[in-house]
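Chain and residue survey
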Amino acid sequence: MLKIQDIIDEIEAWAPPAIAWDRDNVGLQIGNPEEPVTGVVAALEITPDVIQEALQKKCNLIITHHPLIFQPLKNLTNKTLSGKLALSIAQNKLNLYSAHTNLDFTHGGVNFVLGRKLDLRDIGFLYQEAGSMKKISVFVPPDYVNAVTDAMTKAGAGIIGDYEACSFQLRGTGTFRPLPGSQPFSGEVGKLQHEDEVRIEMVSPAWRTNAVVTAMTNAHPYDEVAYDVYPNEAIDPKYGAGVIGSLRQEMSVEDFIAHTKKTIDTPAVRWTRGRADSIKRVAICGGSGSELLQVAIQKKADAFVTADVKYHFFHEAHGIIHLIDAGHYETEHHIVAAIVDRLQKKFQDVSCYPTTSITNPIIYS
Ligand SMILES: [Zn+2]
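We now turn to the structure provided with this report. In this text the structure is predicted, and so the values were computed from the model without any measurement.

This part is about the environment of Gln-169. Mapped onto the elements, Gln-169 comes out in strand S7 (residues 168–176). Taking the C-beta count within 10 Å as the criterion, Gln-169 has 14 such neighbours and is therefore assigned partly exposed. Considering only alpha carbons, one finds Gln-169 and Gly-274, 105 residues apart in sequence, at a separation of 51 Å. The contact partners of Gln-169, leaving out residues within four places of it in the chain, are Val-145, Val-198 and Ile-200.

Burial along strand S3 (residues 61–64) is two-sided: the face carrying Leu-61 and Ile-63 and the face carrying Ile-62 and Thr-64 are both buried. Note that strand S2 (residues 40–43) and S3 share four bridges and pair parallel. Within S3, the residue paired with Val-41 across the bridge is Ile-62. The sheet contact formed by S3 and strand S4 (residues 95–98) spans four bridges and is parallel. In the sheet register, Ile-62 faces S4, and the bridge partner there is Leu-96. One crossover worth recording links S3 to the parallel S4 by way of helix H3 (residues 81–91), and it is right-handed.

Counting buried positions over the nine residues of S7 gives zero, only a small fraction of the element. Bridge count between S7 and strand S8 (residues 193–205): nine bridges; the pairing is antiparallel. In the strand pairing of S8, Arg-171 is matched with Val-198.

Cut-offs and rules
Residues numbered from 1 in each chain as written. Predicted model: local features only at pLDDT ≥ 70, side-chain atom pairs only at ≥ 80, totals over all residues. Helix = DSSP H or I, 4+ residues; strand = E, 2+ residues; numbered from the N terminus. Buried ≥ 20, exposed ≤ 12 C-beta atoms within 10 Å, placed from the backbone. Contact = placed C-beta atoms within 7 Å. Pairing = 2+ DSSP bridges. Right-handed = clockwise from strand over helix to strand, strands pointing away.

Written out as structure tokens, the structure reads:
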């Protein structure tokens, strides 16, 4: 029987919680990961309607992008909106799981989905941070190279873009003198030993390093494993903030505004005019992405589509880049269908539904 945890594992293989913003609160918010799953409803955020829908559809797992519990709760009563919703979820024996900024920062996440919605080509991250990777090297006797490499791979090392199990292996000679109390795999206590060894190098996301080192030492035959963990300034191609891509065909500014409204289905956007007469390169950050405005300018985007833009950011962009505030809900809710697609493909026996309710409280008139 499929458990809540199995669904969580699938989401987290895509959007690991460790890549979330450090002040975020992602993961299982309410519930029991050991319970069997009866069905999934996904929504941008939790509302009373989403809870009712989950109950009607007999789904005991609700997945949202926006966490219900963000600030620590001082109490759990029906006096606050979040308390009321949390109580209702718990009293109805539902489970609530949220993937927030981890789903923003992952390949194929919120911004890639929005990029495809806007019909962009060659979509890549807008901003990626160096230093999120480590290089791990270890010295292994030749007969154990495959076992150690496999263990490191299974723990998450050796992924470079679309390639897995990437390693470099170089044969050489290691020396050591076992001291009293040691239990040498080869050689004798007190005698300098020359040993045929292979140096294995693999990259690892920084947040997986402990798991990789544990797996590596468990698979290694020596009682003292010689290994190094180096800082690595290479960029992890799987994670980043915002995206940038190109329209199939250049458009006039007015056509691009109309195209944005049509493709993301919104009656209005707030925007300011930039420099370019037409639009080809488009930067995107679903939700509140104003912090990436300067990056979008540096990356020579003609337009930047985001939301929650404050007045002074429009001034900063005016005459430089076409800055378009297309709405928080409108730029993010497309991820809901992507979550459902992914889960439905993996777990064909579980019913997964995108919510039918529009959780956006904002009215344009
Ligand atoms: Zn958001």
